[in-house]
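Survey of secondary and tertiary structure
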Amino acid sequence: DRGQSRPPSTNCVIDHGIRCFFLFLLQVLLVFAKEDSQSNGFCWACEKANFRCSMARTPESALECFSEKHHDLVIIDHRHSRHFDAEALCRVCHVDVSVLTCAHFLRPDREEASVMPLINAGFNRRYVENANMMACYNELLQLEHGEVRAQFKLRAGNAIFTALEQSQEAIEITSEDQIIQYVNPAYESIMGYQQGELIGKEIIEVPKSEKNKPDLLETINSCIRKGKEWQGIYYAKKKNGDITYVTWLKCLGETAVCVCLDSSCEINFQTSDTQDAFLSFFFFSPESGSSQRRHSSMARIHSMTIEAPITKVINIINAAQESSPMPVAEALDRVLEILRTTELYSPQLGTKDEDPHTNDLVGGLMTDGLRRLSGNEYIFSTKQPHHIPSHLTTPLSLNDIPPRIAQTMENEDSWDFDIFNLEAATIKRPLTYLGLKIFSRFGVCEFLNCPEATLRSWLQVIEANYHSSNSYHNSTHAADVLHATAYFLCKERVKQSLDPTDEVAALIAATVHDVDHPGRTNSFLCNAGSELAILYNDTAVLESHHAALAFQITTRDDKCNIFKNIERNEYRTLRQAIIDMVLATEMTKHFEHVNKFVNSINKPLAALEENGVSILTSPENRILVKRMLIKCADISNPCRPQELCIEWAGRISEEYFAQTDEEKRQGLPVVMPVFDRNTCSIPKSQISFIDYFITDMFDAWDAFADLPNLMQHLDNNFKYWKGLDERKLHSLRPPPE
Ligand code: 5GP
Ligand code: MN
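Residues numbered from 1 in each chain as written. Chains lettered and ligands numbered in written order. Predicted model: local features only at pLDDT ≥ 70, side-chain atom pairs only at ≥ 80, totals over all residues. Heavy atoms only, no water.

**Details of the overall build of the protein chain**
- Across its full length, the protein chain holds 33 helices and ten strands.
- Looking at the protein chain as a whole, 52% of its 737 residues are labelled buried.
- Within the protein chain, contacts between residues separated by at least 24 positions form 70% of all contacts whose residues are at least 6 apart in sequence.
- Total accessible area computed for the protein chain in this model is approximately 34,600 Å², and 52% of it derives from carbon and sulfur atoms. (Helix = DSSP H or I, 4+ residues; strand = E, 2+ residues; numbered from the N terminus. Buried < 20%, exposed > 50% of the residue type's maximum accessible area, 1.4 Å probe, protein only. Contact = heavy atoms within 4.5 Å. Areas by Shrake-Rupley, 256 points an atom, 1.4 Å probe, with all protein chains shown as cover.)

**A short note on the environment of Leu710**
- Summarising the element assignment, Leu710 is placed in helix 33 (residues 708–726).
- For the pair formed by Leu710 and Ser636, sequence separation is 74 residues and the distance between their alpha carbons is 8.6 Å.
- When near neighbours in sequence (up to four residues on either side) are disregarded, Leu710 contacts Trp415, Tyr487, Phe488, Cys639 and Phe698.

**A look at the coordination of the manganese ion (ligand 2)**
- The protein atoms that coordinate the manganese ion (ligand 2) are His477 (NE2), His513 (NE2), Asp514 (OD) and Asp634 (OD), at distances of 2.1 to 2.2 Å.
- Classification of the site at the manganese ion (ligand 2) as octahedral follows from its six donor atoms and the range of 67 to 172° in their angles at the metal.
- Donor residues binding the manganese ion (ligand 2) come from one chain and are separated in sequence as H-x35-H-D-x119-D. Highlighted residues: Asp514 in the loop between helix 23 (500–512) and helix 24 (522–527) and Asp634 in helix 30 (residues 619–634), separated in sequence by 120 residues. The same class applies to Asp514 as to Asp634, namely buried. (Donors = N, O, S within 2.8 Å, 3.2 Å for Na, K, Ca; no water. Tetrahedral: all angles 85-135°; square planar, octahedral: opposite > 155°, others 65-115°.)

**Considering the site of ligand 1**
- Around ligand 1, a shell composed of 18 residues is seen, among which His473, Asp634, Ile652, Tyr656 and Gln686 lie nearest.
- With respect to ligand 1, the side chain of Asp514 contributes an N or O atom lying 3.0 Å from an oxygen atom.
- Here an oxygen atom of ligand 1 sits 2.7 Å away from a polar atom, N or O, in the side chain of Asp634.
- Of all elements in the fold, only helix 15 (356–365), helix 31 (642–666) and helix 32 (682–705) reach the threshold of two or more residues within the shell around ligand 1. (Near = heavy atom within 4 Å. Polar contact = N/O pair within 3.5 Å; in protein donor to acceptor, adjacent residues only side chain to side chain.)

**Quick notes on the packing of helix 21 (residues 475–489) against helix 30**
- Following both chains from N to C, one finds helix 21 and helix 30 inclined at 135°, their axes separated by 8 Å at the closest point. Relative to helix 30, the element helix 21 is oriented oblique. For the pair helix 21 and helix 30, the sense of crossing is right-handed. In contact with His477, Val481, Ala484, Thr485, Phe488 and Leu489 of helix 21, helix 30 contributes Leu629, Cys632, Ala633 and Asp634.
- Looking at the contact of helix 21 with helix 30 residue by residue, the class counts come to seven nonpolar, two polar and one charged. (Axes fitted to C-alpha atoms, helices over the stretch in contact; angles between N-to-C directions. Parallel < 35°, antiparallel > 145°, perpendicular 65-115°, else oblique. Left-handed = near helix turned anticlockwise from the far one by under 90°. Nonpolar A, V, L, I, M, F, W, Y, C, P; charged D, E, K, R; others polar.)

**Points about the UniProt feature "binding site: AMP" (unreviewed entry) in the protein chain**
- The UniProt record marks His473, Asn474, Ser475, Thr476, His477, Asp514, Asp634 and Gln686 with the feature "binding site: AMP" (unreviewed entry), using the residue numbering of this structure.
- Relative to the assigned elements, Thr476 resides in helix 21.
- Among all residues touching Thr476, those that are not within four sequence positions of it are Ile419, Phe420, Glu423, Pro430, Trp648 and Arg651.
- For Gln686, a relative accessible area of 7% translates into the label buried.
- Sequence-distant contacts of Gln686, that is, excluding residues within four places in its chain, are made with Ala649, Ile652 and Trp721. (UniProt positions renumbered as here; feature names shortened; annotations may be inferred.)

**Observations regarding a nonpolar patch on the surface**
- On the surface, a cluster of nonpolar side chains totalling about 310 Å² of accessible area is made up of Ile310, Val313, Ile338 and Leu344.
- Assignment of secondary structure puts Ile310 in helix 13 (residues 309–322).
- Note on Ile310: relative accessible area 32%, which makes it partly exposed. (Patch = residues over 30% accessible without salt bridge, like charges linked within 9 Å, V, L, I, M, F, W, Y side chains within 5 Å. Salt bridge = Lys/Arg side-chain N within 4 Å of Asp/Glu carboxyl O.)

**Considerations on the environment of Asn522**
- The residue Asn522 is located in helix 24 in this model.
- Residue Asn522 is classed as buried on the basis of its relative accessible area, which comes to 12%.
- The sequence separation of Asn522 and Leu542 amounts to 20 residues, and the corresponding C-alpha distance is 6.2 Å.
- With residues up to four places along the chain from it excluded, the contact list for Asn522 reads Ala540, Val541, Leu542, Glu543 and Glu586.

**So, the pairing of strand 1 (residues 27–31)**
- A large share of strand 1 lies buried, amounting to five of its five residues.
- By the bridge criterion, five bridges tie strand 1 to strand 2 (residues 52–56) in an arrangement that is parallel. Bridge pairing in strand 2 links Val28 to Cys53.
- For the segment spanning strand 1, helix 3 (residues 37–49) and strand 2, crossover handedness is right-handed.
- Relative to strand 3 (residues 73–77), strand 1 runs parallel, the two being bridged by four bridges. (Pairing = 2+ DSSP bridges. Right-handed = clockwise from strand over helix to strand, strands pointing away.)

**Examining the packing of aromatic side chains**
- Using the criterion set out here, one finds 21 aromatic pairs in the structure.
- Site record: aromatic cluster; members linked through ring pairs are Trp415, Tyr487, Phe488, Phe597, Trp701 and Phe704.
- Just above the ring of Phe551 sits the side chain of Arg575; from NZ or CZ to the centre is 4.6 Å.
- For the cation-ring pair, Arg640 lies above Trp415, with the distance from its terminal atom to the ring centre recorded as 3.8 Å. (Phe/Tyr/Trp six-rings, centres within 6.5 Å; stacked < 30°, edge-to-face > 60°. Lys NZ or Arg CZ within 6 Å of the ring centre and 35° of its normal.)

Shown next as structure tokens:
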């Protein structure tokens, strides 16, 4: 009921502040050597006034109690000087804290004497002994509304000006007639003015932005004149005029308070609960260190000139939190926690007890060498890049491809095309032949302005740098990825999204993407301390090598330099796109690429009614499409017709087995223990590979490019592996009946 008994609030900042200070219960210390009717009277009066009351019997306990609670009001019994020296006690309390009202009382039978010694001691009221409870209560009320309130005003004023001076936000206070009376240091530094240039001037003289409505200042003025509040956005210019600041104004009665903020925190003041933002700003006193520290660190972020998008996002969420109800604020805390991690796109890897096949795939494909180091040296089978083998230099053009080979490529534009037929017909040189056919279909030579002979030489030298001794990562895999890439490039959505440069880049990237692959994983090379791992700092070792070597081989010799005749800028663009795509095949970034694709392309497209060409063709999104395209082409084996899928599974397993064999031989850590030729269940490893990497990625790619046949094969193949696994078979195929 104390709240209700307060005078109605006026539109005055200080009064508002006082009310906030008063929200804390007034604390009273009664110092009485002995309990009597007088001490009881004050105790009861405190209770009635809803003050918090402590009682001390000795000066020592009084001081102890006071130093702990810093009471607003201390009432010291001065009637019996034999108990303690009331004046000394009062002096000590006053020395301790400046904000204090002391009362003293006199026995009615004593002779009147001067109150001067009491005033000198720090007493500021004298109460003549009167145990009547109402008299005590009235005395307390008068103290509260007189001395205590005045002390509070001083305290509030001090706190406000300390806050204003130390605030990182620019603040300007004007009089009713728009004369600037105060600006804080932050205002000076943000707006570029000196106090002296502003104080006493009308705010109209300070340059404003044209963004304000012409009559804005008049509106504000009339509000103030009527004693009403005004709040809204007011644009002001810095002294140098080049940056426009968003200004938030709140005009209260006699004073206008203006908070200038950098436009990045506009959100702070557009939330519905603007008042809170404003008030919380005012009432941190110098002691409330935590809120102040937070405030100034926010201000430091705000003042950063080059802000990363993630910083902006975090700032927006921080600001929104301030005016959100608890559950929302807490949910946003969790969001912030996630946003602050650097690995936004990689799922947290599951616990150890998960399926060992998934664990090994994750360990083998998703981690790079930085976590696994060993001193062993792995010697590459080819130290020097291959040149074109002499027996291959016989002229060969699309027109004189042997009919037997041409025949195997007839249905090259179909998904069901059998690459292994071509591999056999070309004696393990499918890349050159398929390359010639596909590059010609896409007009790559015309685009690059390069003779077909150069393209042919290029294909031959690239193919020669694939290791035919690898069971999986040989030129047949490259030809397969090229085939899938060409197939995807013909899909309507992909065509809408990519331009001719992107198409050519994708075909070249697919062709070179695994060149000189040693048939070992990145983890292996890092563990073995291979030259390549040293060269590329255990980071995307193979992919960096494939891309770098491809350009070395291509540009080393004019005879095979397919880029020789294109313009410098065209070359830069093409080269950048090729490198980006080859690096995108690195599996540590698998989830990053897939999630970015889903978030930036699938989701926005799904939210749109019409076709959303602008989503498809922005440079950022085209990069995401190209990455997704080559990734899907690279690991599309599980979406191929069953027989092809089984063959690929056999090949990758054999390559992994060979790696495990070598790891054991050399005493290296075994990166993927499940890929042990004596124990491995190939169906299980395929099921895990599909579950973990393939399903989500192809769902997303299918949603974009529309690939029902691939999804059908995937489903079919998955069931095939499940069937074998249910029969507890470890082999590629069921045993003959
Ligand atoms: P690449 O090295 O071919 O550019 O990237 C593809 C990655 O996925 C390779 O590390 C390859 O070993 C792996 N991969 C491709 N197909 C399969 C598969 O069917 N099963 C498993 N376990 N891994 C595969
Ligand atoms: Mn590959």
